[in-house]
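Understanding the architecture of this molecule
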Amino acid sequence: MKVIVNVSLKEGVLDPEGQAIKSSLNNLGFEHCSDVRTGKQIILNLDQNSETEVLKQAKKMCEELLVNTVIENYEINILKD
Amino acid sequence: MKVIVNVSLKEGVLDPEGQAIKSSLNNLGFEHCSDVRTGKQIILNLDQNSETEVLKQAKKMCEELLVNTVIENYEINILKD
Amino acid sequence: EYLAQQKSKLEDALEMGLTKNEYNLICEKIDKIPNITELGIFSAMFSEHCSYKSSKKWLKTLPTEASHVIQGPGENAGVIDIGENLAAVFKIESHNHPSFIEPYQGSATGVGGILRDVFTMGARPIALMNALRFGSPDQPLTKHLVSGVVKGIGGYGNCIGIPTVGGETNFDKSYDGNILVNAMAVGLAKKDRIFYSAATGAGNPVIYVGAKTGRDGIHGATMASAEFTENSTEKRPTVQVGDPFTGKLLLEACLELMNTDAVLSIQDMGAAGLTSSSVEMASKGSLGMSLNLDLVPTREDKMTSYEIMLSESQERMLMILKPGSEEKAKSIFDKWDLDFANIGEVTNTGRLILTKHGFEACNLPLEPLVEDAPEYNKPFEIKAIKKVLKPSDLKTNLTIIDILKIIFKNPNIASKKWIWEQYDSSVMGDTIFANGDSDASLVKVHGTEKKGSFGKGLAITTDCTPRYVKSDPIIGGMQAVCEAARNIASSGAKPLAITNNLNFGNPDKKNVMGEIVGSIKGISEAASYLSTPIVSGNVSLYNETNGKSILPTPVIGMVGAIDEVENSLKISAEPDNVLIALGQSENFKAGWVGCSIYQEIINKKYDGAPPPINLENEKKVIEILLKLNEQKLLTAAHDISDGGLLTTVCEMLFKYNLGLDINLPSNLINCDSYDPLLQSWCFGEDQARIIIATKH
Amino acid sequence: MRSGVVIFPGSNCDRDMIVAIRKITGKTPIKIWHKEYDIPNLDLIVIPGGFTFGDYLRCGALAARSPVITSIKNHISRGGAVLGVCNGFQILIEAKILPGSLIRNKKLLFTCRETTLEVQSCIENPFLSGLKIGECLKIPVAHNEGNYFAPEDLLKQLKEEGRIALKYIKQNDNEKNYNPNGSTEDIAGILSNNGKVLGMMPHPERAINNLQGGTDGLKFLTNCVEQIIG
């Protein structure tokens, strides 16, 4: 089963990459772009089929490794193919 | 209007980061994790309200700056809040 | 796999970059029609990158011997003796085409590849340099390529923990469609622990180590010398992806294994991956090799024998081990979390036999793959501008100060700090000079510290003046060697040996082939005279877009040695120093303005003959400098090159904000600032001159 | 002094730190492989710089899950001292031994250059106590993610508890970019609550002789050794 974890910076945490992308987009003529935030996407293949079990596992992985909970939020969504 | 751009490595392109995360997860006891792929998520605030216009702009931004089309794919989805 | 083992046709050969004659030669030499996999192996081995078919005839004329040379061209890297049972191992290689398509990965894999060429010889890499050439700076594409290449070099070098200590970055519109990324690595090994790639002993196990094989970079070798057309981007995704982390593990695992007696021979899987490594190892040992491709660790499924043999996945090595030592070797690679697979054995059949799914995917004699690669003698015409420009030919209303300001705004001379500050130049703790402290980068030889001295040092530089080579290939070739030797000497070290990266356009054009032949002639003459032989190198041809070739760019990478690094010389003069121009004639007549930066400022083009080379003076100025330095009489030294005497002097004064009172030659004293003769004294680019700073 | 240097896959400044410590103490620190659970009783453990696990996911994230971290935590609970330099500092943060986080340099570029550090007044600790408050040290940096970030409340706590050890400082007024990465309040290094663990981005082991950028690093490390032996 495929799980997608989206990791994004918490509000108030400086996002230098987002600011740099915003300014270069503006320089390229995209004035309508007022803000840019960057984040990570981690796509996991878990060899389990019970959705609750997969969700529990993914959550545990995020807390233990994938996310720096001091400055990052995360959301988990399971791909139903 | 908020737009989310998900950027991921093309099939077959080596993802060293994904492999390092996978082996670390396995060492932490998550044996069910058989593969990990990493990607970027870019959240754009565009001060426009016509959806087609926003989509066109976002696509142009991806081609010109946000995505390395040599080794990366991208998908654009618009957040309707 | 079924398709890969089908008989090939002429179209397949043409599609793989082989000519009709080459295809017929192959069929004749192996007296059968090769299948697709076999043809792919031939196309890689006969590519320009692996066979040097258009330049081999002339490369043979290069001097490669001297008492201090342990291993010349033909191995993964050159090896020279630097005393105290130590050897310097070094090479330069180009990743021009991949870096144009994907700048970050192209340059990163260039660094990874050149490092593997060095540590495959048993040497721990201790320094990285890079010679970069881009199109005109005002092009948006140039900005994108520069930032991508610099990030790629830093990304790989910094992560694997080897200091990037110097190099050069130049801009010229001739590189708009074809940038040049030449990476050089220098390593250190014990003189009696050098490893070579020739296979030994039939029956010995052939071991594959490192990352898994994927489909990246297939046709990298043939692409390396493929001319770019308008839609070169459709050659994607053939760009290899580098993983510096696995690179570091492979480096440590291989060096750890080479400390044991398990390794008989070893070769890096570079361009053409498993093909070039297996063929070269077997043919050098005049033996054979049989491999079972099912055992090759792959990261993508259903890979055919063709794809496995031509894949250019990075961070992989091929080794031949002493029978019985496989377990011990495997434990080292397990510790470093790397794949270790016994994929076959050495044979004495003189043939390369590959099996896949139990079928014979390839059965070729090795000899034609290496010996019968064509050696072309393409027609050439060496065109040299003979017109000698006199100072009075250049009229200007610019004063000396105006010109100086323009020179220091020239992207080829202005400070590149914004580039090299992105490189870790001090990791490993042995860097003495990096990026502009001195005319050459200088790295301490770890472990040679003695009482009262920090020990030996290796000086490294890369040099080339393409505009000179364009005007006169022979003089341009000589000048590149002489400037490199002067730069090494100006850091206090003795010039020892050369690795060269010959970057040229399309050799099928007579004038381009003339540039190749001419510059090789010049390089040979200067290298023999200064006894700095060529011990390794690389050739990159077909650097051409829409019929326009790049400036001829034969880059000279040179290594020198100094016994005590405390006696090294930087370029910055100190307060109350006296500056002396060694090699500057007493009675000044005229400065050489032809083909100079100064001429380009005045005429907006270079059209005069380049400054002549007097090899005897070049040798003398180096000897005098080193003798003065031995007697500890010097504080600093700086070689006069682009921009002439005044530019060189300014570069010596910047660091400590110093000034200089200059006493002009008597015949210039009452000239005004516009006087062409005085300006030729300031900006003329006569060769064989070094400015020294001294208190005595 | 009994000292050890931890080596992870991807560490690349381990040898530099070993050379520096041997130059000061005359004894070679032991090498600690990242998979070792039990390590001998030591006075000082150093986690050197590098790109452990390729800096993948987050700098130090994967290394912070290696077995050796447990033995380092035991060493700390026994009162042992730990110095984390550059990547070592990132690992100490990911292992939650030191608070806050290290994010990408403000200018998004790797930067390798000289910086000047100012010793701050801080709690009793075996790293800075022998140096004068306000003393300046010229020590080089070489990193991509050295931008120390502490939320408001943590910053207040660090100040109150005197745990900010080192700050980047300008040598003259017109030196604009004295701070190489844009860290909160120019922080270059912080201490744990018992003062026994110091994490710092600059590399003292790269400033140990006059031929290569000065000896302030030697002064810093020598002082650490003297304080630890006590």
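These lines cover the structure that appears in this document, whether it is placed above or below. These numbers come from a predicted model, not from an experiment. Along every chain, residues carry numbers that run from 1 in the direction the sequence is written. Written order decides the labels, with chains lettered from A and ligands numbered from 1. Local features in a predicted model are, by the rule used here, given only for residues with pLDDT of at least 70; side-chain atom pairs are given and counted only at 80 or more, and totals for whole chains, interfaces and linings are based on all residues. Each side-chain value is derived from all of the structure's non-hydrogen atoms; neither hydrogens nor water enter the calculation.

1. Concerning helix 2 (residues 51-66) of chain A
Only DSSP runs of H or I with at least four residues qualify as helices, and only runs of E with at least two residues qualify as strands; both kinds are numbered from the N terminus onward. The length a helix should cover is 1.5 Å for every residue beyond the first. Given a rise of 1.5 Å per residue, 16 residues ought to cover 22 Å, yet the end C-alpha atoms of helix 2 of chain A are separated by just 20 Å, more than 12% below that figure. Among all positions in helix 2 of chain A, only A:V54, A:Q57, A:A58, A:M61, A:C62, A:L65 and A:L66 are buried. An end-on view of helix 2 of chain A places all buried positions within 140° of arc, on one side of the element. Exposed residues on helix 2 of chain A whose side chains face more than 90 degrees from its buried face are A:T52 and A:K56. What makes two residues a contact is simply this: any of their non-hydrogen atoms within 4.5 Å. Packing partners of the buried residues in helix 2 of chain A comprise strand 1 (2-9), strand 2 (33-46) and strand 3 (72-79) of chain A together with helix 1 (16-27) and strand 2 (33-46) of chain B. Whether a residue is buried, partly exposed or exposed follows from its accessible area with a 1.4 Å probe, protein chains only, as a fraction of its type maximum: under 20%, in between, or over 50%, in that order. Think of it as the arc spanned by the lines of direction from the helix axis to the C-beta atoms.

2. Points about the relation of the copies chain B and chain A
Both copies of the chain are related through a single rotation about an axis accompanied by a shift along the same axis. Of the transformation placing chain B onto chain A, the axial shift is 0.0 Å and the rotation is 180°, giving an RMSD of 0.2 Å. Considering both components of the superposition, the chain copies are consistent with a two-fold axis. Relative to the rotation axis, the closest C-alpha in chain B is found at B:K40, a distance of 2.4 Å. Comparing interface residues between copies, 100% of those in chain B also sit at the interface in chain A, which points to an isologous, same-surface contact. Copy-to-copy alignment: least squares on C-alpha atoms, limited to residues at pLDDT 70 or above in both.

3. Points about the pairing of strand 11 (residues 339-347) of chain C
Here the rule is simple: two strands pair whenever DSSP picks up at least two bridges between them. Bridge count for strand 7 (residues 205-210) of chain C against strand 11 of chain C is 6 bridges, and the pairing is antiparallel. In the sheet register, C:G210 faces strand 11 of chain C, and the bridge partner there is C:D339.

4. Brief notes about the packing of aromatic side chains
Between the rings of Phe, Tyr and Trp (Trp by its six-membered ring), a pair exists once the centres lie within 6.5 Å; its type follows the angle of the planes, with under 30 degrees stacked, over 60 edge-to-face, and the other angles tilted. Counted according to the given criterion, the structure contains 10 aromatic pairs over all chains. Ring centres of C:F245 and D:F53 lie 5.8 Å apart, and the angle between their planes is 40°; on these two criteria the pair is classed as tilted. One end of the pair, C:F245, is in helix 10 (residues 244-258); the other, D:F53, is in the loop between strand 3 (44-47) and helix 2 (68-77), on a second chain. D:F53 carries the same exposure label as C:F245, and that label is buried. Summarising the aromatic geometry, the rings of C:W336 and D:W33 are spaced 5.1 Å apart at their centres and angled 75° between planes, so their arrangement reads as edge-to-face. Here C:W336 is found in the loop between helix 13 (326-335) and strand 11, whereas its partner D:W33 is found in strand 2 (residues 30-33) on a different chain. Note on accessibility: C:W336 and D:W33 belong to one class, buried.

5. A look at the interface of chain B and chain A
Where the parts come together, the accessible area they lose is often given as the size of the interface. Each side of the interface is counted separately: chain B has 29 residues, and chain A has 29 residues. Here the buried area means the combined drop in accessible surface, using a 1.4 Å probe, for two parts upon being joined, counting both sides. It is B:F30, B:H32 and B:Q41 in chain B that bury the most area against chain A; as a group they hold 24% of the surface buried on that side. Salt bridges are identified by distance alone: a Lys or Arg side-chain nitrogen within 4 Å of an Asp or Glu carboxyl oxygen. For the pair chain B and chain A, the number of links is 0 salt bridges. Pairs of N or O atoms within 3.5 Å make up the polar contacts considered here, provided that, within protein, one atom can donate a hydrogen while the other can accept it, and that residues adjacent in sequence are counted only when both atoms are side-chain atoms. Applying the counting criterion to the chain B and chain A interface returns 14 residue pairs in polar contact (both at pLDDT 80 or more). At the level of secondary structure, the elements contributing two or more residues to the side of chain B that touches chain A comprise helix 1, strand 2 and helix 2 (51-66) of chain B.

6. With respect to the pairing of strand 4 (residues 81-85) of chain D
Residue and element names in this part refer to chain D. In terms of burial, strand 4 is a largely internal element, 5 of the 5 residues being buried. Alternating residues of strand 4 divide into A81, L83 and V85 and V82 and G84, and every residue in both groups is buried. Alignment of strand 3 against strand 4, held across 4 bridges, turns out to be parallel. Looking across to strand 4, one finds that I47 is bridged to G84. What joins strand 3 to strand 4 is helix 2, and the crossover it makes is right-handed. Assignment of crossover handedness uses the view with strands pointing away from the viewer, where a clockwise path from the first strand over the helix to the second indicates a right-handed crossover.

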